Every structure is written in structure tokens, then in C-alpha cells.
Amino acid sequence: MCQEKAPLFTFNLIMTVSMFFPTACKVTFEDTPVPVANVLGEVGGGFKLAMKLLNSGRFSVASSGAGVLKKLIGKFQRLHV
């Protein structure tokens, strides 16, 4: 973790189409100093951790879509029988 006003640390808001998270942030670190006491996890392991988090999110999105599709198919079948 680093200070919000740390040199070479920038963030920009990104508008999204998600109804749960209408805005997101692009965070950029370029040679931003992080005090040793503030390091979370293994140094250099941030990308690996981010990929794990993204993978779990992908499963959640996919299962939500499958559930919605199952409900729609059921409603369609009841309407057209």
C-alpha cells in the first residue's frame, strides 16, 4: 500500500455499463515507492494475485448468466406450450 499522493501514482475514473459497479478506476504505479511495512504478500506477486481474483469473478459472472438463461427458458416454455 502506498500514499494516495505518492509520486508516480495516478488513477483515473472509468465509466462502465455494470449496474453493480457503475464506475471503476484505472490505477497506475510507475516506480512508486512502497514502504516495507506496507507490502502486502510477496513482492512481485501482485499480478498473480490479481489473476486469481479475476478468475473467481469470471466464474461468478458466468454462473449468473447461466441462472438467468435457465429462468428465461422456463418462462418461454410456459408461454408457448
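Please read these numbers as outputs of a predicted model, since none were measured by experiment. (Residues numbered from 1 in each chain as written. Predicted model: local features only at pLDDT ≥ 70, side-chain atom pairs only at ≥ 80, totals over all residues. Heavy atoms only, no water.)

Here's the deal with the overall build of the protein
Within the protein, the regular secondary structure consists of 1 helix and 2 strands. Listing the helices and strands of the protein from first to last along the sequence gives β-β-α. Going through the 81 residues of the protein one by one, you find that 5% of them count as buried. Looking at the protein as shown, the accessible area adds up to about 7600 Å², and 68% of this sits on carbon and sulfur atoms. (Helix = DSSP H or I, 4+ residues; strand = E, 2+ residues; numbered from the N terminus. Buried < 20%, exposed > 50% of the residue type's maximum accessible area, 1.4 Å probe, protein only. Areas by Shrake-Rupley, 256 points an atom, 1.4 Å probe, with all protein chains shown as cover.)

Points about the confidence of the model for the protein
Averaged over all residues, the pLDDT of the protein is 78; the fraction at 70 or higher stands at 83%. The spread of mean pLDDT over the elements of the protein runs between strand β1 (residues 9-15), the lowest at 73, and helix α1 (residues 46-79), the highest at 85. (pLDDT = per-residue confidence, 0-100.)

A word on the environment of T32
Its place among the elements puts T32 in the loop between β2 (23-29) and α1. Classification of T32 as buried rests on a relative accessible area of 14%. Separated by 22 residues in sequence, T32 and T10 have C-alpha atoms that sit 9.9 Å apart.

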